[in-house]
Amino acid sequence: MVLRREPTARQMRLGIELRRLREAAGLTAVEAAALLGTGRVQISHIESGLTGVSEQRLRRLTSHYACSDGEFIGALVAMAADRTRGWWEEYRGLLPTSFLDLSELEHHARFQRHVAILYVPGLLQTEDYARAVFSSRLPELTRDEVELRIRHRMARQGITIPYEVVLHEAALRIRVSDRATSKAQLARLLELSEADHITVRVIPFDVDDFAKASSTMTYVGGPLTKLDTVVRDAPHGSVLIDSEAQLNTYRTSFRRVEAASLEPERSREFIHKLTKEL
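Everything quoted here is computed from the prediction, not taken from an experiment.

A. A look at the overall build of the protein. What the protein contains, in helices and strands, is twelve helices and six strands. Overall, the protein is about 70 × 40 × 30 Å in size when its C-alpha atoms are taken along their principal axes. Looking at the protein as a whole, 47% of its 278 residues qualify as buried. For the protein, the computed accessible surface area is about 14,400 Å², with 50% contributed by carbon and sulfur atoms. Charge separation in the protein, taken as the distance between the mean sites of 39 positive and 38 negative side-chain charges, equals 3 Å.

If you want it as structure tokens, here you go:
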């Protein structure tokens, strides 16, 4: 079987979950391979996302691993059978892989939650705001690279899954460009906050105990809770976090952030007030 040159985040996640099941069962890759009548290298390729796995083999593996969670197995089968070539594939080879991985995650997500401290999240940005953000990157991007990133970001905004975002007042006040860009961005936030699937909350500067709610993150809900993913920005791309212990930490973090924020209607009033000040 031809190896994948660049497994997607979804393909790699499937392999990671199979490896976790194998290790929980106390089996080595060699022992798992023997159960399938194949070699250790094949198991390694499956667990690293370099090759796919058929439904039959996947069910045999999960049976050998004593996994009795039918819903979880069904979700893994769906991941293994997925042959989606989404709109983001047109950017492969043109944008960093992390951009495509995020688009793929959002396409398959049940919901998304975002905590933003310094910038308005990409899913809510205007073109001019996004242009200012990308134009400030170091090392500097060419004009074509900036426009390519903007086009990709605007395409991502077509999602219709439930989306909850908590914005710190700093993200609303920092002018990534000029006054007109900031005012248009605030107006866009007010418009989007009226959508049925979007909830916008604000954390004002004067909130107490802000240290408990100061972590920027994107939380993407998978088909099951154990298949959720947290996306954290890093200097050279995004980092995907999927261990259960860390996911629990970020779930707790979001609850704290949500508790520290204003209710949606009060948040709209807050944003409207800032708009009038510009």
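There's plenty left to go through after this.
B. View of helix α11 (residues 244-260). Taking 1.5 Å of rise per residue, 17 residues should cover 24 Å, and α11 covers 25 Å from first to last C-alpha, within 8% of that figure. Taken residue by residue, α11 has Leu 247, Tyr 250, Arg 251, Ser 253, Phe 254, Val 257 and Ala 260 as its buried positions. The inward-facing, buried residues of α11 contact β1 (111-116), β2 (163-168), β3 (198-203), β4 (217-221), β5 (229-234) and β6 (237-241).

C. Representation of unusual backbone geometry within the structure. Between Leu 138 and Pro 139 the backbone carries a cis peptide bond, its omega angle lying at -5°. As for its placement among the helices and strands, Pro 139 is situated in the loop between α7 (127-135) and α8 (143-156). Backbone geometry places Ala 66, a non-glycine residue, at a positive phi of 60°. With respect to the helices, strands and loops of the structure, Ala 66 is situated in the loop between α4 (55-64) and α5 (70-81).

D. Representation of the packing of α7 against α8 within the structure. Relative to each other, α7 and α8 sit at 135°, their axes nearing to 9 Å. Between α7 and α8, the interaxial angle falls into the category oblique. Seen from above, α7 lies across α8 with right-handed handedness. Within the contact between the two elements, α7 uses Glu 127, Ala 130, Arg 131, Phe 134 and Ser 135 and α8 uses Val 146, Glu 147, Arg 149, Ile 150, Arg 153 and Met 154. Counted by class, the contact of α7 with α8 contains five nonpolar, one polar and five charged residues.

E. Quick look at the environment of Leu 148. Structurally, Leu 148 can be placed in helix α8. With 53 residues separating them in the primary sequence, Leu 148 and Leu 95 have C-alpha atoms 7.9 Å apart. Discounting residues that sit within four places of it in the chain, Leu 148 has contacts with Tyr 91, Leu 94 and Leu 95.

F. Spotlight on the layout of surface pockets. Empty space within the largest pocket amounts to approximately 1,200 Å³. Lining the largest pocket are 40 residues, and of these Arg 137, Arg 153, Asp 233, Ala 234 and Ser 238 lie nearest its centre. At the level of elements, α6 (97-108), β1, α7, α8, β4, β5 and β6 are the ones that each hand at least two residues to the lining of the largest pocket. A breakdown of the residues in the lining of the largest pocket according to their chemical character gives 20 nonpolar, twelve polar and eight charged. Space inside the second largest pocket adds up to approximately 550 Å³. As for the second largest pocket, its lining consists of 28 residues, of which Arg 4, Glu 6, Pro 7, Thr 8 and Gln 11 are closest to the centre. Those elements that place two or more of their residues in the lining of the second largest pocket are α1 (9-24) and α5. In the lining of the second largest pocket, the residues fall into eleven nonpolar, seven polar and ten charged.

G. Molecular detail of the packing of aromatic side chains. According to the stated counting rule, one finds three aromatic pairs in the structure shown. A centroid spacing of 6.1 Å and a plane angle of 90° characterise the contact between Trp 87 and Tyr 91, whose relative ring orientation is edge-to-face. Exposure remark for Trp 87: the relative accessible area of 32% places this residue in the partly exposed category. Since its relative accessible area comes to 2%, Tyr 91 is described here as buried. Judged by centre distance (6.2 Å) and plane angle (5°), the ring pair of Phe 111 and Tyr 219 falls under stacked. On the criterion of sequence distance, the pair formed by Phe 111 in strand β1 and Tyr 219 in strand β4 is long-range, its members being 108 residues apart. A single burial state applies to Phe 111 and to Tyr 219, both of which are buried. Counting every residue linked through ring pairs, the aromatic cluster contains Trp 87, Trp 88 and Tyr 91.

H. Spotlight on a nonpolar patch on the surface. A cluster of nonpolar side chains, contributed by Leu 118, Tyr 119 and Ile 174, occupies part of the molecular surface with about 280 Å² of accessible area. Judged by its relative accessible area of 44%, Tyr 119 falls in the partly exposed class.

What counts, and at which threshold
- Residues numbered from 1 in each chain as written.
- Predicted model: local features only at pLDDT ≥ 70, side-chain atom pairs only at ≥ 80, totals over all residues.
- Heavy atoms only, no water.
- Helix = DSSP H or I, 4+ residues; strand = E, 2+ residues; numbered from the N terminus.
- Buried < 20%, exposed > 50% of the residue type's maximum accessible area, 1.4 Å probe, protein only.
- Areas by Shrake-Rupley, 256 points an atom, 1.4 Å probe, with all protein chains shown as cover.
- Lys, Arg positive; Asp, Glu negative; His and termini not counted.
- Charge placed at Lys NZ, Arg CZ, Asp CG, Glu CD.
- Expected span 1.5 Å × (residues − 1).
- Contact = heavy atoms within 4.5 Å.
- Axes fitted to C-alpha atoms, helices over the stretch in contact; angles between N-to-C directions.
- Parallel < 35°, antiparallel > 145°, perpendicular 65-115°, else oblique.
- Left-handed = near helix turned anticlockwise from the far one by under 90°.
- Nonpolar A, V, L, I, M, F, W, Y, C, P; charged D, E, K, R; others polar.
- 1 Å grid on protein atoms, 1.4 Å probe; cavity = no way out; pocket = protein on both sides within 12 Å on 5 of 7 lines; lining within 4 Å.
- Points joined across faces, edges and corners; volume = space filled by probe spheres on them.
- Phe/Tyr/Trp six-rings, centres within 6.5 Å; stacked < 30°, edge-to-face > 60°.
- Patch = residues over 30% accessible without salt bridge, like charges linked within 9 Å, V, L, I, M, F, W, Y side chains within 5 Å.
- Salt bridge = Lys/Arg side-chain N within 4 Å of Asp/Glu carboxyl O.

Function cannot be read off these values alone, since they describe shape.
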